[in-house]
2 protein chains.
Amino acid sequence: MNVEIRPAKENEMNDVLSLIKELAIFEKEPNAVTLTSKDLIAHAFSSPPLFICYVAIFKSVIVGMFLGYPRYSTWKGPTMHLEDLIVTKKMRNKGIGRALFSSFINFSYSKGVKRVEWAVLKWNTAAIKFYESNGAKIYNDWQIVQMNEKAIHNFILNKK
Amino acid sequence: MNVEIRPAKENEMNDVLSLIKELAIFEKEPNAVTLTSKDLIAHAFSSPPLFICYVAIFKSVIVGMFLGYPRYSTWKGPTMHLEDLIVTKKMRNKGIGRALFSSFINFSYSKGVKRVEWAVLKWNTAAIKFYESNGAKIYNDWQIVQMNEKAIHNFILNKK
C-alpha cells in the first residue's frame, strides 16, 4: 500500500485535530479536547516547536498521525515521548500504525535519545501486545499523576 | 526553618547528581543512573535548556532539588512535567519537600501551563497522599511504556 509519512504542514492541522478527537473518543474521553487547530499551528511552528507531528497520507488524504516531543531522564539523559499515535478507524489493520510507529522510532534514533516512552490504557491489549512484540516494556509499578488547571489555581490561591 | 529555593548553578550539578542517585536508591534502582554531572551541566545550560532544576539550600548545603521540563497535551496544550523531587534523607519531614513542590507549581503557573504531571511509584503511599491532598489526581487506567536504547537499536536493525 502506498502510504507516505512526512511532517505535518500548517494547513493540515485541522485534519490532525480531527484525529486527536477521534483518539479521545477511542480513549473514552470524548469531551476532553479543548485545543483548537489554531493552538496546534502556534505550538507546532513556534521556535522552538513544542512538538513534532507526522501525518500518514493515502491517496492524498490524511489517514493517521503521530505527535511527540523531547523529555529528559535523570538516569539516562534525553528521551522522546510519543504523545499520540492514531490511524483513522476505517484505515486500521493495514500496517499504517506500524509505519507511523517505525517513523517515530527512526526519528528518535536519529536524535540519539537514550529512551522512547509513552503511556497506554490498560485495557488496550492489542496495543500492549504490539508494543511488547517490538521490545517495549510495560511498567506496572508506576502511576501517572496530574493536576489540571483548576487544581493548579486552587493550590496557588490556598498557599499559606 | 530558613531554606532557600532557587535555580541550580553549574557548579552544583555534582550535588544534584548525588540527589538523583539517592532517589534512584529509594526507587530500588540503585544502578540505573548512567548520567554524569558533565551531562547534567551540558543539558541544563544548553540553548534551549533540556530541563529546569531548582535546589533547596539549608545552611549553605544543598539538601533537596526538583527537576522538570515542558510537555504537551493534545487535549489541553502546554504542560509541565515533574521528573524528580527529592529531599536528602536526614532532612525529610521538615517541610522542604512541600516547599520544593510549591516552587515547581508556582514556576508552572507562571508559564501558564494547562496541567502539571508526573509519575509516582504505587507503593509510595506517603507521596500519593500528599499529592492527592494538594488536588492531584492519580490515573490507575494508564500504564507507562518504555523502549530503552538497546530496544531502539534492535528495532532499527530488525526493521524490514
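Cut-offs and rules
- Residues numbered from 1 in each chain as written.
- Chains lettered and ligands numbered in written order.
- Predicted model: local features only at pLDDT ≥ 70, side-chain atom pairs only at ≥ 80, totals over all residues.
- Least-squares fit on C-alpha atoms with pLDDT ≥ 70 in both.
- Contact = placed C-beta atoms within 7 Å.
- Helix = DSSP H or I, 4+ residues; strand = E, 2+ residues; numbered from the N terminus.
- Expected span 1.5 Å × (residues − 1).
- Buried ≥ 20, exposed ≤ 12 C-beta atoms within 10 Å, placed from the backbone.
- Arc of directions from axis to C-beta.
- Pairing = 2+ DSSP bridges.
- Axes fitted to C-alpha atoms, helices over the stretch in contact; angles between N-to-C directions.
- Nonpolar A, V, L, I, M, F, W, Y, C, P; charged D, E, K, R; others polar.
- Parallel < 35°, antiparallel > 145°, perpendicular 65-115°, else oblique.
- Left-handed = near helix turned anticlockwise from the far one by under 90°.

**Some details on the relation of the copies chain A and chain B**
Part 1 of the reasoning: Overlaying chain A with chain B gives an RMSD of 0.0 Å, the required rotation being 180° about an axis along which the chain moves by 0.0 Å. What the rotation and shift describe, once combined, is the action of a two-fold rotation axis.
Part 2 of the reasoning: In this assembly the copies share their binding face: 100% of the residues contributing to the interface of chain A also contribute to that of chain B.

**What to know about unusual backbone geometry**
When glycine is set aside, most residues are seen to have a negative phi, and most peptide bonds are trans.
Residues and elements named next belong to chain A.
Part 1 of the reasoning: Between S47 and P48 the backbone carries a cis peptide bond, its omega angle lying at -5°.
Part 2 of the reasoning: With respect to the helices and strands, P48 occurs in the loop between α2 (37–44) and β2 (52–58).
Part 3 of the reasoning: For K59, which is not glycine, the phi torsion reads 50° and is therefore positive.
Part 4 of the reasoning: Locating K59 in the fold gives a position in the loop between β2 and β3 (61–73).
Part 5 of the reasoning: Its identity is not glycine, yet N93 carries a phi of approximately 65°, on the positive side.

**Notes on helix α1 (residues 13–26) of chain A**
Residues and elements named next belong to chain A.
Part 1 of the reasoning: Across its 14 residues, α1 extends 20 Å between first and last C-alpha, which sits within 8% of the 20 Å expected from 1.5 Å per residue.
Part 2 of the reasoning: Along α1, the residues classified as buried are M13, V16, L19, I20 and L23. Projected down its long axis, α1 shows its buried positions confined to an angular sector of 110°, all on one face.
Part 3 of the reasoning: Looking at the packing, one finds that the buried side of α1 touches α2, β2, β3 and β4 (77–87).
Part 4 of the reasoning: Looking at the residues trailing α1, positive phi occurs at K28, about 65°.

**A closer look at the pairing of strand β7 (residues 142–148) of chain A**
Regular strands have side chains that alternate between both faces of the sheet.
Part 1 of the reasoning: Relative to strand β5 (residues 115–121) of chain B, β7(A) is paired through seven bridges, and the arrangement is antiparallel. What sits directly across from A:I144, in β5(B), is B:A119.
Part 2 of the reasoning: Here β7(A) pairs with strand β6 (residues 137–139) of chain B via three bridges, running antiparallel. Residue A:V145 lies in a different strand from β6(B), and its bridge partner there is B:I138.

**Considerations on the sheet that holds strand β1 (residues 3–7) of chain B**
Two orientations exist for strands paired in a sheet by backbone hydrogen bonds: parallel and antiparallel.
Part 1 of the reasoning: The sheet built from seven strands is open, its strands ordered β1(B)-β2(B)-β3(B)-β4(B)-β5(B)-β7(A)-β6(B) with mixed pairing. Across the chains shown, the open sheet's two edge strands, defined by having one partner strand only, are β1 and β6 of chain B. Adjacent strand axes in the sheet meet at a mean angle of 30° when their direction is disregarded.
Part 2 of the reasoning: Bridge count for β1(B) against strand β2 (residues 52–58) of chain B is five bridges, and the pairing is antiparallel. Bridge assignment links B:V3 to a residue of β2(B), and that residue is B:F58.

**Some thoughts on the interface of chain A and chain B**
Part 1 of the reasoning: On the side of chain B, 60 residues touch chain A, which itself brings 60 residues to the contact.
Part 2 of the reasoning: The residue inventory of the side of chain A that touches chain B, partitioned by class, reads 32 nonpolar, 15 polar and 13 charged.

**Notes on the sheet that holds strand β6 (residues 137–139) of chain A**
Part 1 of the reasoning: Strand order in the open sheet formed by seven strands is β1(A)-β2(A)-β3(A)-β4(A)-β5(A)-β7(B)-β6(A), and the pairing between neighbours is mixed. Where the open sheet ends on each side, the last strands, each with one partner, are β1 (3–7) and β6 of chain A. Neighbouring strand axes in the sheet, compared pairwise and without regard to direction, differ in orientation by 30° on average.
Part 2 of the reasoning: As paired strands, β3(A) and β4(A) are joined by ten bridges and run antiparallel to one another. Bridging across to β4(A), A:M65 finds its partner in A:I86.
Part 3 of the reasoning: Contacts between helix α4 (residues 125–133) of chain A and the sheet are confined to β5 (115–121) and β6 of chain A together with β7 (142–148) of chain B, with β5(A) contributing the most and set at about 160° to the helix.

**Describing helix α1 (residues 13–26) of chain B**
For an α-helix, 3.6 residues make a turn, and residues three or four places apart therefore share a direction.
Part 1 of the reasoning: Turning to α1(B), its buried residues number three or more, namely B:M13, B:V16, B:L17, B:L19, B:I20 and B:L23.
Part 2 of the reasoning: On its buried side, α1(B) packs onto α2 (37–44), β2, β3 (61–73) and β4 (77–87) of chain B.

**Here we look at the environment of A:S102**
All names here are of chain A.
Part 1 of the reasoning: Here S102 is to be found in helix α3 (residues 96–110).
Part 2 of the reasoning: On the basis of neighbour counts, which here come to 17 C-beta atoms within 10 Å, the residue S102 falls in the partly exposed class.
Part 3 of the reasoning: Note: C-alpha distance between S102 and N134 (32 residues apart in sequence) is 10.0 Å.

**Some points on the environment of A:A136**
Part 1 of the reasoning: Mapped onto the fold, A:A136 is located in the loop between α4 and β6.
Part 2 of the reasoning: Here the alpha-carbon distance between A:A136 and A:E117, two residues 19 residues apart in the chain, equals 8.7 Å.

**Quick word on the packing of α3(A) against helix α5 (residues 149–158) of chain B**
Part 1 of the reasoning: Packing of α3(A) against α5(B) leaves a shortest axis separation of 10 Å and a crossing angle of 120°. In this view, α3(A) runs oblique relative to α5(B), as classed from their interaxial angle. As for the relative orientation of α3(A) and α5(B), their crossing is left-handed in sense. Residue-level inspection shows A:I105, A:N106, A:S108 and A:Y109 of α3(A) in contact with α5(B), the latter providing B:I152, B:F155 and B:I156.
Part 2 of the reasoning: Of the residues that constitute the contact of α3(A) with α5(B), the class distribution is five nonpolar, two polar and no charged.

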